[in-house]
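Residue strings, one per chain:
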Amino acid sequence: MAFRNANNTHIRNLYAFDNNRGGESEWKRLEKASCLGASHQSEERHDAPKCHPDTREAVISDIMSWVDSKDLDKRIMWLHGPAGAGKSAIVQTVAEWCYTEKKLVSSFFFSRTATGTGRDDGTKLVPTIAYQLGNLIRSAKELIINELEENEALLTHTMEIQMEKLVLKPLSNLLSQTAFMNLNEVSDTSHLPHLIVIDGLDECNRPEMQSRIVKIIAGAVSESQVHLSFLIASRYEVEIRKAFNDEAIGQMCIPLILDNKYNPDKDIETYIRSEFATVK
């Protein structure tokens, strides 16, 4: 995990699994509160759209340049465009790439049509981030379990409190754990996992929840010592637009519009030529 002012840290055993069965019941409670099907890797999304080879290269390049940027002032990117513009395919492709490169912390793909799965429920977002984080980083899992043990009602508290206690606080506490770092100097921490992707925010069940999620993310970016980046994709809906138009939020956000700048006609031509080539 990348942190502000953490130039002299080195992460080891980052992807180690935790075989300690202590806190198993608390972890099961968090699992139940989360939405396992919202991940970019979930079986529920096994046929998820992703970019055809040699398409969307320009927009993906812009996103990845931002992911790898050391600029701590712009840690939110809002990818927006109309329905059918290919937002989910782009986000899925970025999530897969960043997971392979160990840059991804968590992913959540909202869907209003996946009824009964929780993928349209905004209250599932923070527990899901925490659950994926704990499965990614062993030391984070232990700290998250500690928070759940200390406050059994935590999963009924507000999303703002859950973000603080289950995501930001565990990550901040990792800085003080010598088991999480050694004395080897690492001057560049940009390669460490720090990206959280959220797709289809407009498909979250209530408009007021959509804007609230944007504000929670902005708070996580501005108030925490943890270096997290958020890629959010959505349609240009009213409540989401209002949230991003807030002056303070706008200062920490890069809007990325899927328009003709990215030459979609060329991508369509590439796709069609590829499809014709397969039937020759």
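Presented here is a report on the structure given in the accompanying data block. (Residues numbered from 1 in each chain as written. Predicted model: local features only at pLDDT ≥ 70, side-chain atom pairs only at ≥ 80, totals over all residues. Heavy atoms only, no water.)

As a further point, take the side chain of S42. Tracing the sequence through the fold places S42 in the loop between α1 (24-33) and α2 (57-67). When its relative accessible area of 11% is taken as the criterion, S42 is described as buried. A polar contact is formed between the side chain of S42 and the backbone oxygen of G37, at a distance of 2.8 Å. Those residues in contact with S42 that sit more than four places away from it in its chain are L36 and G37. (Helix = DSSP H or I, 4+ residues; strand = E, 2+ residues; numbered from the N terminus. Buried < 20%, exposed > 50% of the residue type's maximum accessible area, 1.4 Å probe, protein only. Polar contact = N/O pair within 3.5 Å; in protein donor to acceptor, adjacent residues only side chain to side chain. Contact = heavy atoms within 4.5 Å.)

Scanning all chains against the criterion turns up 8 salt bridges. A salt bridge links E26 to R29, with the shortest nitrogen-to-oxygen separation between them at 2.7 Å. Separated by 3 residues within a single helix, E26 and R29 lie in helix α1, roughly one turn from each other. (Salt bridge = Lys/Arg side-chain N within 4 Å of Asp/Glu carboxyl O.)

What follows covers helix α5 (residues 138-150). In a regular helix each residue adds 1.5 Å, so 13 residues correspond to 18 Å; α5 covers 19 Å between its end C-alpha atoms and thus fits that length. Listed as buried for α5 are S139, A140, K141, L143, I144, I145, E147 and L148. The secondary structure elements touched by the buried residues of α5 are α1, α4 (125-136) and α6 (159-174). (Expected span 1.5 Å × (residues − 1).)

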